[in-house]
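Residues per chain, in single letters:
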Amino acid sequence: MDRREFLEANAAAIAAGLWPRRDSAVLQTSPRVGYHLRYDADAPGRVIVTITPPPSPGPADLVMPRAIPMGYGVAPYDQFVDGVRAWSPSGELLPEARRVGPRWRLGRDGTTIARVRYVVDVRRMEEQLHAASDASKARDGYLGLLGYSVLGYLEGQETLPVRIDFRGPVGWPVFCTLAPGSQPWPGPQAVTAPDYYAAADSQILMGPGMQVRQLAGTRPLFLAGYAEGPADLEIEGAQIEEAFKLVVEWFGGAPFPHYSAIVEYLRPISTEHRYGFSMEHLDSSTYTLDRARALNRRSTPQDRERNRFNYAHHITHAWIPKRVYGEGYYPFRWEVPPVIDTIWFAEGFGRWIATDALATGLLASGRIAYRSSRLAEFEQTLAGLPGLFRTIPLVSLSRSASTQYSEDFRLGQALFCRGALMAEEVETAIRGGSGGQRGLREAIHALVQWGTRERRGFKVDELPRLITGAVGVDVGPTFAKWLA
């Protein structure tokens, strides 16, 4: 797709002002840590990253993530980094040394680090990380970056505010989930984030192969897509719109100012690569799929419902566990995947919420059938697993899945199925104990408020007490049964 074709494909978005020529409020902001990302046409697949920290006495460690928030595994992004360099304010090249783990020691005693630069080989990353949802992408006319795969940090500066500016080949449009309504097209731009976590949890897309649409939503809602097949983004957008609307209505509002869905339909690199997993973020979600799954005019109602539920499930994660979570989710450890006891809550209760939100949006005549069919799917999936996965205590299963959720997806399936069926029993207990006046929805609303207020993860034994206190019905026996 050339520049003219891009303009035609995205005429509505440009006319709506999604790419204004300049956003002075953003460009004049001066956060304390600066990142500059450069992608040149003469070096395809390689992204140059420059960090300009506040005055930082050396030595200091540059750290690249090896773990992804809610990734439940290891993603060794440091393996795709080379050319690490650091300079003093006077331009002196400072010493650097690779350390054990995803670290580089920069500078020396008595010097100040003014600038750090390194190169990320995105093409090699996509080739070597077989979990496609963990890798950034560099295809012809398209660059899709997961923030944590290219942004490192100087240890100790993770809580400082961040400014990111980026430059691609001449004429390439840019989209960033941190400020999806404020980017210019084409040309350099800058966005801000309150801290490293928010910056790393964002996505940056660029290239004439990208398509962007603003969708209807109670918050500004965007679809940014790239497809190597017959995908119809109008159909995809309709599924995202409905899923977003119903999930936001279920929660009674949204905790973010805007939301972006990044959809990639790709030609598989090899038979060893796994496509189909999606990932959630603070105010966005990414869907990296085999192009054979793309929706188009020939897609069946079942195909559309499969995608709609996937969207609803991952949009739900913007609340659970991004805003209310068990111990281990936050503060996040970027070098080592945390061991988490409550994946069954994040994934299982998250799927139950998506089910309830979509069912609530259906006509009364179809709601019961939709709920029962979805719950039956969880039961059938669980029944098809070896008995071991049905009997291991949920906390133990969650700890194992903390690093192997998708590597052995039986762990993931057992956790989200058992968690969703547990949520349904909690719902039944609350309905019965309150005479139908309250349900799990009211309990989740209270949990979100608790998480916002307390800013910490709950302990496993706290959760039933928090729910009981919110709805006035003792759910302890139900939790005891499922956690045993």
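Before reading on, note that the structure itself is shown above.
Please read these numbers as outputs of a predicted model, since none were measured by experiment.

So, how was this worked out
- Residues numbered from 1 in each chain as written.
- Predicted model: local features only at pLDDT ≥ 70, side-chain atom pairs only at ≥ 80, totals over all residues.
- Heavy atoms only, no water.
- Phe/Tyr/Trp six-rings, centres within 6.5 Å; stacked < 30°, edge-to-face > 60°.
- Helix = DSSP H or I, 4+ residues; strand = E, 2+ residues; numbered from the N terminus.
- Lys NZ or Arg CZ within 6 Å of the ring centre and 35° of its normal.
- Salt bridge = Lys/Arg side-chain N within 4 Å of Asp/Glu carboxyl O.
- Buried < 20%, exposed > 50% of the residue type's maximum accessible area, 1.4 Å probe, protein only.
- Pairing = 2+ DSSP bridges.
- Axes fitted to C-alpha atoms, helices over the stretch in contact; angles between N-to-C directions.
- Core = buried A, V, L, I, M, F, W, Y, C linked by side-chain atoms within 4.5 Å.
- Contact = heavy atoms within 4.5 Å.
- Expected span 1.5 Å × (residues − 1).
- Arc of directions from axis to C-beta.
- Parallel < 35°, antiparallel > 145°, perpendicular 65-115°, else oblique.
- Nonpolar A, V, L, I, M, F, W, Y, C, P; charged D, E, K, R; others polar.

Visitor: Account for the packing of aromatic side chains, naming residues and giving values.
Guide: How two aromatic rings sit relative to each other is set out by the distance from centre to centre and by the angle between their planes. In this structure the tally under the stated criterion is 29 aromatic pairs. Relative to Phe416, the ring of Phe378 has its centre 6.4 Å away and its plane inclined at 70 degrees; by these criteria the two rings are edge-to-face. Of this pair, Phe378 sits in helix α10 (residues 364-383) while Phe416 sits in helix α13 (residues 409-433), and the two are 38 residues apart along the sequence. An aromatic cluster of three or more residues is present, and its members are Tyr72, Phe277, Tyr329, Phe378, Tyr405, Phe409 and Phe416. The lysine or arginine in question, Arg351, covers the ring of Phe416, its NZ or CZ lying 3.7 Å from the ring centre. If you follow Arg374 out to its NZ or CZ, it ends over the ring of Phe309, 3.8 Å from the centre.

Visitor: Pulling in residues and values, what's your account of the pattern of salt bridges?
Guide: Overall, the coordinates contain 39 salt bridges when judged by the stated rule. The closest approach of N and O atoms between Arg103 and Asp61, which form a salt bridge, is 2.7 Å. Here Arg103, found in strand β8 (residues 103-106), pairs with Asp61, found in strand β4 (residues 60-63); they are 42 residues apart in sequence, far enough to count as distant. Just as Arg103 is buried, Asp61 falls in that class too. Ionic pairing is found between Lys481 and Glu425, a salt bridge with its closest N-O pair at 2.8 Å. With a gap of 56 residues between them, Lys481 in helix α16 (residues 476-483) and Glu425 in helix α13 connect regions that are remote in the sequence. Under the relative-accessibility criterion, Glu425 is labelled partly exposed at 29%. Taken together, the shared-partner salt bridges connect Asp61, Arg99, Arg103, Arg105, Glu155 and Glu335 into one network.

Visitor: Lay out the sheet that holds strand β17 (residues 203-206) in plain terms, naming residues and giving numbers.
Guide: Read from one edge of the open sheet, four strands run β11-β12-β17-β15, paired in antiparallel fashion. Every other strand in the sheet has two partners, leaving β11 (137-139) and β15 (174-176) as the edge strands with one partner each. Strand-to-strand twist of the sheet, defined as the mean angle between neighbouring strand axes without regard to direction, takes the value 5 degrees.

Visitor: Lay out the sheet that holds strand β1 (residues 33-39) in plain terms, naming residues and giving numbers.
Guide: Spatial strand order, β6-β5-β10-β2-β1-β14-β16: seven strands in an open sheet with mixed pairing. The open sheet has two free edges, formed respectively by β6 (93-94) and β16 (189-193), since each of these has just one partner strand.

Visitor: Now, about the nonpolar core: what can you tell me, with residues and values included?
Guide: By size, the foremost hydrophobic cluster in this structure holds 143 residues, and its most contacted members are Tyr35, Leu37, Ile164, Trp319, Trp344 and Ile444. Discounting residues that sit within four places of it in the chain, Ile164 has contacts with Tyr35, Leu37, Leu151, Leu178, Gln189, Ala190, Val191, Ala199 and Ile204. With 12 residues, the next largest nonpolar core counts Tyr142, Leu205, Met210 and Ala224 among its residues.

Visitor: Any chance you could break down the side chain of His317 for me, citing the residues and the numbers?
Guide: Summarising the element assignment, His317 is placed in the loop between α8 (301-316) and α9 (343-361). According to the relative accessible area criterion, His317 is buried, its value standing at 0%.

Visitor: Talk me through the pairing of strand β12 (residues 142-146); I want residue IDs and the actual numbers.
Guide: A regular strand places its side chains so that they alternate between the two faces of the sheet. For β12, the buried fraction is high: five of the five residues fall into the buried class. What you see with β12 is no split at all: Tyr142, Gly144 and Leu146 on one side and Leu143 and Leu145 on the other are buried throughout. As paired strands, β11 and β12 are joined by three bridges and run antiparallel to one another. Looking at β12, one finds that Lys137 is bridged to Gly144. In sequence, β11 turns back onto β12 through a hairpin of two residues, with Gly141 there showing a positive phi of about 75 degrees. For β12 and β17, the ladder comprises four bridges, and the chain directions are antiparallel. Bridge pairing links Gly144 to Leu205 in β17.

Visitor: How would you explain helix α14 (residues 440-454) if you had to name every residue and give the values?
Guide: Counted at 1.5 Å a residue, the expected span for α14 with its 15 residues is 21 Å, and the 20 Å between its end C-alpha atoms agrees. Turning to α14, its buried residues number three or more, namely Leu440, Ala443, Ile444, Leu447, Val448, Trp450 and Gly451. Looking straight down α14, one finds its buried side chains confined to an arc of 160 degrees; they lie on one side. Residues of α14 that are exposed and angled more than 90 degrees away from the buried face: Gln449 and Arg453. Buried-residue contacts for α14 involve α7 (233-251), α9, α13 and α15 (462-471). In the stretch just after α14, Arg455 is the one whose phi turns positive, near 55 degrees.

Visitor: So, the packing of α13 against α14: which residues are in play, and what are the values?
Guide: Where α13 contacts α14, the axes come no closer than 8 Å and their chain directions differ by 105 degrees. The angle between α13 and α14 places the two elements in the roughly perpendicular class. Here Ala423, Val426, Glu427 and Ile430 of α13 come into contact with α14, specifically with Leu440, Arg441 and Ala443. For the contact of α13 with α14, a count of residues per class yields five nonpolar, no polar and two charged.

Visitor: Just give me the short version of the environment of Asp140, but keep the residues and values in it.
Guide: Within the element layout of this structure, Asp140 appears in the loop between β11 and β12. Exposure remark for Asp140: the relative accessible area of 68% places this residue in the exposed category. In this structure, the C-alpha to C-alpha distance between Asp140 and Asp42, residues 98 residues apart in sequence, is 12 Å. Filtering out sequence-adjacent residues up to four positions away, Asp140 remains in contact with Arg123 and Tyr226.

Visitor: Quick rundown of the environment of Tyr259? Include the residues and the values.
Guide: Relative to the assigned elements, Tyr259 resides in strand β20 (residues 259-266). Exposure remark for Tyr259: the relative accessible area of 1% places this residue in the buried category. Remark: the alpha-carbon pair of Tyr259 and Leu223, spanning 36 residues in sequence, is separated by 8.9 Å. In contact with Tyr259, not counting residues within four places along its chain, are Pro220, Leu221, Phe222, Phe244, Asp283, Ser284, Ser285, His314, Ile315 and Ala318.

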